[in-house]
Amino acid sequence: MTLNIAIIGAGIAGITAARTLVKAGHHVHVFEKSPGAGGRMSTRDTNFGTFDHGAQYFTVRDPRFSLAIQAVPGTTEICRPWSANAVRVLDPLGHVFEAARSTKDAHFVAKPGMNALVRHWAAPLGKAITYNTLVNRLARGTKGLWTVHTEHREVTGFDHVLLAIPCIQAENLLKASGKEAANHQWLKAMDAVDVAPCWTMMLAFPKATQPNLHIGPQWNAARSIHHRIAWLTRESSKPGRGKVERWTVQANSAWSAEHISDTEARVKAKLLRAFAELTGIRAEPAFAEMHCWLYAKTTKPLGVSHQYNPANGLGTCGDWHLGHRVEDAFVSGLELALSVCQSANRL
C-alpha cells in the first residue's frame, strides 16, 4: 500500500526517513521551519568564512550509516576526515592536562560545511520539502487522514505524520493536536527525556591570516573543564574551510542553562573573557556572533530508536531517542521509516 506521509523537520533524521520512504514507493512532504535543511548540522555563512555552530563532527559506527555514505552518489566527496583525534583537554586555566587521545573512531566533517551532507541528501526531494514553514497543529479527519496546520495554510490528505524535531517541540505539537495525537504513554516517556541548551560563539581574526603571523595555541580543537566553556574549534583547521582564523566556542550545558535568559551581549562578554583565558588570544575579533541552541545535547535519551503508532499513523524520530550524535539521528530516522514500510506492507 502506498502512503502519503508528512514529515515535520528537515534535519538528518527527517531527511533520512524521507529518502527511505520515497525509495520504498511512498509519497512524502517535508515541512521545515528554517530556510534550509540541516537541523543542528548547521553552518553559518559570513564574510569571513563559515562556522559549524552546531554539530562539530560525526563518527561512523553503524554499518547502515557507512553504507549510506558510500552508496549515495557524491556523498564520499562531501564527507572528509578531520584530525579531531588530536583534541586536547584543558584545565580551567587553559593548560593542557591530557594530550592527543587514541580512539578507534574516525572523525568526519562535511565539506564545505556540516550542513552540506543533509542538504546533499535532501536535494533529490526537490519540491517535496517546504521551507520557512512552522507547523503548529495536526488534526485527524473523519476518514482518518491528517491535516497539517501551518502558520499560513492547511495541507491535508496525509495517512501518516512523522515528527523529526526536538523532543520538547514534538511533545508540544502532540499536545496541541488534541486527543488523537496526545498519546499518554508517549508523552509520559518523553517527559523524562532531558536535552540541555548551549550558547555558541563564533569569532573571526582575519589579520591573523597574514604570512608568518599565527595567534593562539598550536592545537585545533579542545574540550575544557572551564566553568563556562566546554569546546573550542579552530574552524580553519577543517577541510575546505578557508584560511581566515576562525573559532567556534561552545559553552558547557550547566552554564548555558544558568544563563539561558541573558542577553547575547552579556553572554558574549563572558565567553570572550573565558576564550582569552583558555587560548591566550586577547586580540579583538573582527567578527563575534552568538547563537543559542535551546535543545543542543541529549543528556537523558528516550532509550528506543523511535516511536510509531500504526493505528493512527503518528511517529517520532530524532537523536534524542538514542543520544546526541549525528549517527543517532540517522539511525532513528531510518528505523522509523522501516517500521512504517513494514506496517504498510501488511495492509
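Everything numeric in this text was worked out from a predicted model, so none of it was measured.

Draft legend 1. Spatial organisation of the overall build of the protein chain. Broken down by element type, the protein chain carries nine helices and 20 strands. A compact globule built from 347 residues would reach a C-alpha radius of gyration of about 20 Å, and the protein chain, at 21 Å, matches this within 12%. If one aligns the C-alpha atoms of the protein chain with their principal axes, the spans along those axes are about 70 × 40 × 35 Å. Per-residue burial over the protein chain gives 54% buried out of 347 residues. Long-range contacts, defined as pairs at least 24 residues apart, comprise 69% of the intrachain contacts of the protein chain with a sequence gap of at least 6. Of the accessible surface of the protein chain, which amounts to about 15800 Å², a share of 52% is contributed by carbon and sulfur atoms. Of note, the protein chain has its 38 positive side-chain charges centred 2 Å away from the centre of its 27 negative side-chain charges.

Draft legend 2. Representation of the nonpolar core in the model. Of all hydrophobic cores here, the largest spans 51 residues; its most connected members are Ile7, Ile12, Leu21, Met41, Phe58 and Trp121. Among the elements of the structure, β1 (4-8), α1 (12-23), β2 (27-31), α2 (63-71), β8 (108-110), α4 (115-122) and α9 (326-346) are those that each provide at least two residues to this core. For this core, the element with the most residues is α9, which contributes ten residues. Once residues lying within four places of it in the same chain are set aside, the contact partners of Ile7 are Gly14, Ala17, Ala18, Leu21, Val28, His29, Val30, Phe31, Leu162 and Ala164.

Draft legend 3. Spatial organisation of the pattern of salt bridges. Going through the model one piece at a time under the given rule, you end up with eleven salt bridges. Between Arg44 and Glu289 there is a salt bridge; the shortest N-O distance is 2.2 Å. Within this pair, whereas Arg44 is found in strand β3 (residues 44-46), its partner Glu289 is found in strand β18 (residues 287-300), the two being separated by 245 residues in sequence. The residue Asp62 makes a salt bridge to Arg64 at a minimum N-O spacing of 3.0 Å. Given the relative accessible area of 31%, Arg64 is considered partly exposed.

Draft legend 4. The arrangement of helix α5 (residues 167-176) in detail. By the burial criterion, the buried members of α5 are Cys167, Ala170, Glu171, Leu173 and Leu174. Buried residues of α5 fall within an arc of 165° about the axis and therefore sit on the same side. Taken together, the buried residues of α5 touch β10 (135-140), β13 (160-163), α6 (184-191) and β20 (314-316). Looking one or two places after α5, you find Gly178, whose phi comes out positive at around 85°.

Draft legend 5. Region of interest: α2. Buried within α2 are the following residues: Phe65, Ala68 and Ile69. All buried residues of α2 lie within an arc of 95° about the axis, which places them on one face of the element. In α2, the exposed residues that point more than 90 degrees away from the buried face are Pro63, Leu67, Gln70 and Ala71. If you follow the buried residues of α2, they end up packed against α1, α3 (75-78), β5 (79-81), α4 and α9. Between the side-chain oxygen at the start of α2 and the backbone nitrogen of Arg64 there is a gap of 2.8 Å, and the oxygen is on Asp62.

Criteria and cut-off values
- Residues numbered from 1 in each chain as written.
- Predicted model: local features only at pLDDT ≥ 70, side-chain atom pairs only at ≥ 80, totals over all residues.
- Heavy atoms only, no water.
- Helix = DSSP H or I, 4+ residues; strand = E, 2+ residues; numbered from the N terminus.
- Rg over C-alpha atoms; globule rule 2.2 N^0.38 Å.
- Buried < 20%, exposed > 50% of the residue type's maximum accessible area, 1.4 Å probe, protein only.
- Contact = heavy atoms within 4.5 Å.
- Areas by Shrake-Rupley, 256 points an atom, 1.4 Å probe, with all protein chains shown as cover.
- Lys, Arg positive; Asp, Glu negative; His and termini not counted.
- Charge placed at Lys NZ, Arg CZ, Asp CG, Glu CD.
- Core = buried A, V, L, I, M, F, W, Y, C linked by side-chain atoms within 4.5 Å.
- Salt bridge = Lys/Arg side-chain N within 4 Å of Asp/Glu carboxyl O.
- Arc of directions from axis to C-beta.
- Polar contact = N/O pair within 3.5 Å; in protein donor to acceptor, adjacent residues only side chain to side chain.

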